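Chain by chain, the residues run as shown.
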Amino acid sequence: MGDGSVASGATHRATMSSPAGAAAIGTTFAVILSLSFCHLLNDLMQSLVPALYPILKTSYGLSFSQVGLITLAFQFTASMLQPVVGLYTDRHPRPYSLTVGIGLTLVGLLLMSRASAYPAILLAATLIGMGSAIFHPEASRVARMAAGGRYGLAQSLFQVGGNIGSASGPLLAAFVVVPHGQSSIAWFSGAALIAIFVLLQVGSWYARHLTSARPGPRTPAVAVVSATAPRKSALPRRKVIQAVAILVALLFSKNVYSASLSSYYSLYLIDRFHLSVSAAQLYLFAFLVGIVVGTIVGGALADRVGRIPVMWFSILGALPFALILPYANLFWTGVLAVVIAIIIASAFSAILVYAQELLPGRVGLTAGVFYGLAFGLGGLGAAALGRLADLTSISTVYRLTPFLLLLGLLTALLPRHPGRRTP
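The shown structure was predicted, so the numbers you read here are calculated from the model rather than taken from an experiment.

**Q** I'm lost on the overall build of the protein in this one. Help?
**A** In terms of helices and strands, the protein carries 18 helices and zero strands. For the protein, the share of sequence-separated contacts (at least 6 apart) that also reach a separation of at least 24 residues comes to 84%. Total accessible area on the protein is roughly 16,100 Å²; 70% of this is exposed by carbon and sulfur atoms.

**Q** What am I meant to see in the pattern of salt bridges here?
**A** Where charged atoms of side chains with opposite charge meet at close range, the side chains can pair. Summed over all chains, the structure comprises one salt bridge. Of the charged contacts, one joins Glu138 and Arg141 as a salt bridge, the two residues approaching to 2.9 Å between their closest N and O atoms. Here Arg141 and Glu138 lie together in helix H6 (residues 118-145), a separation of three residues that amounts to about one turn.

**Q** For this particular structure, what's the right way to read the packing of helix H3 (residues 53-60) against helix H4 (residues 64-91)?
**A** When two helices pack together, their arrangement is given by the angle between their axes and by how far apart the axes lie. Between H3 and H4, the least distance of the axes is 10 Å, while the angle of their chain directions is 130°. When the interaxial angle is binned, H3 and H4 end up oblique. Here H3 and H4 pass one another in a crossing that is right-handed. For the pair H3 and H4, contact is made by Tyr53, Leu56 and Lys57 and by Phe64, Val67, Ile70, Thr71 and Phe74, respectively. The class makeup of the residues in the contact of H3 with H4 is six nonpolar, one polar and one charged.

**Q** How do you make sense of the environment of Ala337 when you look at a structure like this?
**A** Along the chain, Ala337 turns up in helix H15 (residues 330-345). We classify Ala337 as buried; its relative accessible area is 0%. Each C-alpha atom, one on Ala337 and one on Tyr265, is 9.2 Å from the other, the two residues being 72 residues apart in sequence. Leave out the neighbours within four places in its chain, and Ala337 touches Tyr265, Phe287 and Leu325.

**Q** What exactly am I supposed to notice about the packing of aromatic side chains here?
**A** Pairs of aromatic rings are described using the distance from one ring centre to the other and the angle between the two planes. One pass over the full model with this rule turns up six aromatic pairs. Seen in terms of ring centroids, Phe331 and Trp332 are 5.1 Å apart; in terms of plane orientation they differ by 80°. Their pairing is edge-to-face. With relative accessibility at 47%, the residue Trp332 sits in the partly exposed group. An aromatic cluster is present here, built from Tyr268, Phe273 and Tyr398 joined pairwise through their rings. When the ring centre of Phe64 is taken as origin, the NZ or CZ atom of Lys57, which lies over that ring, is 4.7 Å away.

**Q** How should I be thinking about the nonpolar core in this particular structure?
**A** Considering soluble globular proteins, one finds that nonpolar side chains tend to be buried as a cluster. Formed by 117 residues in total, the largest nonpolar core has its most connected members in Leu35, Ile70, Leu247, Tyr264, Phe287 and Leu414. Tallying contributions element by element places helix H2 (residues 19-51) first for this core, with eleven residues. Apart from residues lying up to four places away in sequence, Ile70 is in contact with Val49, Tyr53, Leu56, Leu62, Tyr118, Ile121, Leu122 and Ala125.

**Q** What is the right way to read helix H13 (residues 307-317) from this model?
**A** For an α-helix, 3.6 residues make a turn, and residues three or four places apart therefore share a direction. Within the span of H13, buried status applies to Arg307, Ile308, Val310, Met311, Ser314 and Ile315. The buried residues of H13 occupy one face: seen down the axis, they fall within an arc of 155°.

**Q** Quick question: what am I supposed to make of the packing of helix H12 (residues 277-305) against H13 here?
**A** Where H12 contacts H13, the axes come no closer than 7 Å and their chain directions differ by 135°. The angle between the axes of H12 and H13 places the two elements in the oblique class. Across the interface between the two elements, Gly298, Leu301, Ala302, Asp303 and Val305 of H12 pack against Arg307, Pro309 and Val310 of H13.

**Q** Where do I start with the side chain of Asn42 in this structure?
**A** Assignment of secondary structure puts Asn42 in helix H2. You can call Asn42 buried: its relative accessible area is 0%. Those residues in contact with Asn42, other than ones at most four positions away along the chain, are Ile102, Thr105, Phe135 and His136.

**Q** Is there a simple way to think about the confidence of the model for the protein in this case?
**A** For any part of a model where pLDDT is low, the fine detail of the predicted coordinates should not be relied upon. Per-residue confidence for the protein gives a mean pLDDT of 77, with 83% of residues at or over 70. Counted against residues more than four places away or in other chains, residues 1-27, with its pLDDT under 50, gives 28 contacts. Contacts from residues 215-227, a stretch scored under 50 in pLDDT, to residues over four places away or in other chains number 23 contacts.

**Q** Is there a simple way to think about a nonpolar patch on the surface in this case?
**A** Residues Val289, Val293, Val297, Leu301, Val305 and Ile342 make up a contiguous nonpolar surface patch of about 400 Å² in total accessible area. With respect to the helices, strands and loops of the structure, Val293 is situated in helix H12. Classification of Val293 as partly exposed rests on a relative accessible area of 37%.

**Q** Any chance you could explain the environment of Leu365 here in plain terms?
**A** With respect to the secondary-structure elements, Leu365 resides in helix H17 (residues 363-391). Classification of Leu365 by relative accessible area gives partly exposed; the value is 23%. With 274 residues separating them in the primary sequence, Leu365 and Arg91 have C-alpha atoms 10.0 Å apart. Those residues within four positions of Leu365 in sequence are excluded, and the remaining contacts are Pro83, Gly86, Leu87 and Asp90.

Criteria and thresholds
Residues numbered from 1 in each chain as written. Predicted model: local features only at pLDDT ≥ 70, side-chain atom pairs only at ≥ 80, totals over all residues. Heavy atoms only, no water. Helix = DSSP H or I, 4+ residues; strand = E, 2+ residues; numbered from the N terminus. Contact = heavy atoms within 4.5 Å. Areas by Shrake-Rupley, 256 points an atom, 1.4 Å probe, with all protein chains shown as cover. Salt bridge = Lys/Arg side-chain N within 4 Å of Asp/Glu carboxyl O. Axes fitted to C-alpha atoms, helices over the stretch in contact; angles between N-to-C directions. Parallel < 35°, antiparallel > 145°, perpendicular 65-115°, else oblique. Left-handed = near helix turned anticlockwise from the far one by under 90°. Nonpolar A, V, L, I, M, F, W, Y, C, P; charged D, E, K, R; others polar. Buried < 20%, exposed > 50% of the residue type's maximum accessible area, 1.4 Å probe, protein only. Phe/Tyr/Trp six-rings, centres within 6.5 Å; stacked < 30°, edge-to-face > 60°. Lys NZ or Arg CZ within 6 Å of the ring centre and 35° of its normal. Core = buried A, V, L, I, M, F, W, Y, C linked by side-chain atoms within 4.5 Å. Arc of directions from axis to C-beta. pLDDT = per-residue confidence, 0-100. Patch = residues over 30% accessible without salt bridge, like charges linked within 9 Å, V, L, I, M, F, W, Y side chains within 5 Å.

Printed below as a string of structure tokens:
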């Protein structure tokens, strides 16, 4: 653990020592769970896009490349806009911008349900990406404000909501969308309306604590806001840039490989094992449940054993299983995919919190960049892998992509204590 983590833990203990502080932390835990719930609803709506791929591919005669471009449309849009949104809200916090993001996701989802041509599908996917770009950076900031010093746990709880939502999409697609068709995804607009209502309450809490953070006597409200207050990095600029570049490389290896599973896993199972669409969606659901489990475990471990050991385990630990997967039978393919999901998913909270410690006071920008990279790299990877699948086969994709995980060796070059000045 770095100095920043130790200091945050001391702040958490000091805040908890008073009844007012304990009440503030209790309230903020409710805020984190509310954010996690809204993240669940947001990502549930977004996950309906890849869950629709087998239907869209059949209905519109799409190639693997065109399927990959749909992923690129909403993930790359999120990638480009999230850092811009994060940079702006670092300087000008907007408590109610979270509801705007969910609103755009709602519009994109409704358009997707009515789209009758490929360009309309791409436009709908783009709007969903824009909604994600607005929602994630500011929601991550509020989660950190409400963390009480337990930043890894707070980010993992926030992230796991999104993972559960993503895991639910294929399951709902199997039992709702596949039987009733593309137009049935409009039924999930109710999820957006619920999220908007909850986020209005979170926005009100956020606005009150921004007001409480004005100069004056220090209170528990000020303590939670100070988690996102601007500070100068303890490391030299060169070390910070090098560390950020390494984190980007780790995300690249993790997310491009993850894209090969999340975007094409059901198509791979249908192609190789001749499963029905509904059966393949159930396997995809199991894979995404593994991501949920890995996210929770990774966030808790990062607070206890440190960010870097979790990164080592997450990226390199998945390599042997990823190498075996293309040669396994159906049963072991399902098992290996879940194991890989658990191991790989454990890294994201550790990477994000480590980056926030590298760049203190730039929570929105950091969240925007890294959530944006997670979306963008996954989208670019999906498009490139779709083209590779068209030129060769989907099985070839699964034989080649595991070698990307060797980039995890770059973890050895990261500063062990991002909050501590080094020579």
